[in-house]
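What follows is the residue order along each chain.
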Amino acid sequence: MKITGLRSFMSRDGNRPRVIVAVDTDEGITGWGECYNHGPDRALPPLLEYLYLQIEGEDPTRIERLVLKLLQQSRFPPGALGLAAIAGIDHALWDISAKALGVPVYRLLGGHVRDRVRVYQGVYSAPEAEAVRDHVAEHAEKWGFSAFKLSPYRCDIHAEPWHRVVAATEDWVAELRELCPDAEFAFDAHARLFEPYQAVEMGNALASFRPLFYEEPMRMENIEAWGDLKRQLRVPLATGESLYSRFEFNRLLAVKGADIIQPDICAVGGLLEMRKIAAIAEAHYVNVAPHNPMGPLATAVNVHFCAAQPNFKILEYRLPGTSAFLTRDMVQADEAAGYVKDPYMPVDGHLELRPDRPGWGVDIDEEYLATDRYIHWERKLPVRPDGSYGYT
């Protein structure tokens, strides 16, 4: 079998653009993958066309060899966009390899160590406690969700005195515990805190709440600072969505900088690198909770990783076509993610495996993808009272 073509599609999932990749072969088998949405998303199709020249005519089942070639064909290590493109290709190669054998991808990874994959729903905002209670009750009844992720910020962290920021969080989580006694909550600080002492105080303000984890309170550039941070926290510390290789994760784990790592299978270069990262974490007694804010194809790829990975903890999940913003409003998008005909949907708070479906176990709607559905999206930075920009 040989690779004969690569096609990329600009689509959307809710309020975000998505770049989807198809790799074709001379045996009529097509594999599918999804790139990470770093932006600028229209930069990815020409990059994918360039990378295709490196794998044209190759055997798609030699995944390690081809990914190594893509990583090494540049003199310098690829950056965020390069790895997002390689990830989409990597996904497609795994899909082809499994379809050629008529098995799910997880069968190529040593088989499944679990029968279903637990998910949490990302809310990404900090609504009033009563609104959270109602949201939890609705989604627990309909989908069985028992875990959710919120923002810890109840006020403007740049405009309010720090002691009020922390006090507002403490009062709010006390209400949440009373109103939602059976739900588990994680809190994503979204790397907005520059000063480590603030990251410590915010995390420890959550300690009595016994959170599922406290996610990425500060930037990742100074990895050694994460070891100092974790030693001062009384909550599980999770991070890793901003790291891109096993070498970076090895540094993080060497300084004991996380209790849980969160690599993104669409950002680190794909499933192959994701498995290597997870193996290093396993040797450090650290679990993996994959970062997964992407579309339903990315979720399908994650399901197979999670099914086969021994130190998997829980998977981030959004219902297809929904959006959640860093405000106190939870917003329903007006267009579902139509490029996957049969997305994985939660049952009792889990995604169930599809042992009778080869590859990723989903059908792609190529007719839907035939229309360019690009939607512009960019991050909005907070402005501090003095006019400078904060992190988001």
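Residues numbered from 1 in each chain as written. Predicted model: local features only at pLDDT ≥ 70, side-chain atom pairs only at ≥ 80, totals over all residues. Heavy atoms only, no water.

Undergrad: Even after reading the chapter, I still don't get helix α5 (residues 162-179), so can you show me in this structure?
TA: The α-helix winds at 3.6 residues per turn, so residues separated by three or four positions along the chain end up facing the same way. When the terminal C-alpha atoms of α5 are compared, their 26 Å separation across 18 residues agrees well with the 26 Å that a helix rising 1.5 Å per residue should span. Those residues of α5 that sit buried are W162, V165, V166, T169, W172, V173 and L176. Angularly, the buried residues of α5 cover 130° about the axis, an arc narrow enough to put them on a single face. More than 90 degrees from the buried face of α5, the exposed residues found are H163, D171 and E178. Elements in contact with the buried residues of α5: α4 (129-143), β5 (147-150), β6 (184-188) and α6 (196-205). (Helix = DSSP H or I, 4+ residues; strand = E, 2+ residues; numbered from the N terminus. Expected span 1.5 Å × (residues − 1). Buried < 20%, exposed > 50% of the residue type's maximum accessible area, 1.4 Å probe, protein only. Arc of directions from axis to C-beta. Contact = heavy atoms within 4.5 Å.)

Undergrad: Any chance you could explain the pairing of strand β2 (residues 16-25) here in plain terms?
TA: A regular strand places its side chains on the two faces of the sheet in alternate fashion. Most of β2 sits out of view: nine of its ten residues are buried. Where strand β1 (residues 3-13) and β2 come together, ten bridges link them in antiparallel fashion. Counted as the bridge partner of M10 is V19 from β2. Here β1 hands over to β2 after two residues, with G14 in that stretch at a positive phi of 65°. Sheet topology places β2 next to strand β3 (residues 30-34); five bridges connect them, and they run antiparallel. Its bridge partner being in β3, V23 is matched across the sheet by G31. Remark: four residues form the turn of the hairpin made by β2 and β3, two consecutive strands paired antiparallel; G28 in that turn has positive phi of roughly 80°. (Pairing = 2+ DSSP bridges.)

Undergrad: Looking at this structure, how should I read helix α2 (residues 63-72)?
TA: Residues of α2 that are buried include every one of I63, L66, V67 and L70, and no others. Across the axial projection of α2, the buried residues extend over an arc of 95°, all falling on one side. Contacts made by the buried residues of α2 are with β1, α1 (44-55), α3 (80-101) and α9 (271-283).

Undergrad: Got a minute to help me understand the packing of aromatic side chains in this structure?
TA: Applying the stated criterion across every chain, the model contains nine aromatic pairs. Summarising the aromatic geometry, the rings of F148 and F185 are spaced 6.2 Å apart at their centres and angled 35° between planes, so their arrangement reads as tilted. Placement of the pair is F148 in strand β5 and F185 in strand β6, with a sequence separation of 37 residues. Its relative accessible area of 1% is what places F148 among the buried residues. Consider the rings of W172 and F187, whose centres lie 6.1 Å apart with planes at 75°: the pair is edge-to-face. (Phe/Tyr/Trp six-rings, centres within 6.5 Å; stacked < 30°, edge-to-face > 60°.)

Undergrad: Sorry, what's going on with the sheet that holds β3 here?
TA: Across a sheet, strands are paired by hydrogen bonds formed along the backbone, either parallel or antiparallel in direction. Strands sit in the order β1-β2-β3 across an open sheet of three strands; the sheet is antiparallel. In this open sheet, the two edge strands, each paired with only one partner strand, are β1 and β3. Neighbour-to-neighbour, the strand axes of the sheet open up by a mean angle of 20°, direction not taken into account. Of the strands in this sheet, β1, β2 and β3 touch α3, which is tilted by about 145° from β3. Contacts between helix α10 (residues 296-308) and the sheet are confined to β1, β2 and β3, with β3 contributing the most and set at about 105° to the helix. (Axes fitted to C-alpha atoms, helices over the stretch in contact; angles between N-to-C directions.)

Undergrad: Hey, could you run me through the environment of A205 in this one?
TA: Among the structural elements, A205 can be located in helix α6. Separated by 46 residues in the primary sequence, A205 and A159 place their C-alpha atoms 19 Å from one another.

Undergrad: Explain empty space enclosed by the protein here, please?
TA: Leftover empty space is mapped by rolling, across the atoms, a probe with the size of a water molecule. Tallied over the entire structure, the rule returns one cavity of 30 Å³ or more. Of the volumes computed, that of the largest cavity is approximately 40 Å³. The residue makeup of the lining of the largest cavity, split by class, is four nonpolar, two polar and two charged. (1 Å grid on protein atoms, 1.4 Å probe; cavity = no way out; pocket = protein on both sides within 12 Å on 5 of 7 lines; lining within 4 Å. Points joined across faces, edges and corners; volume = space filled by probe spheres on them. Nonpolar A, V, L, I, M, F, W, Y, C, P; charged D, E, K, R; others polar.)

Undergrad: How should I be thinking about the nonpolar core in this particular structure?
TA: Nonpolar side chains in soluble globular proteins tend to end up buried together. Residues F185, F187, Y214, L252, I261, L297 and W360 are the most contacted members of the largest nonpolar core, which totals 119 residues. Counting residues in hydrophobic clusters, the runner-up holds nine residues, among them A147, A186, A238 and I314. (Core = buried A, V, L, I, M, F, W, Y, C linked by side-chain atoms within 4.5 Å.)

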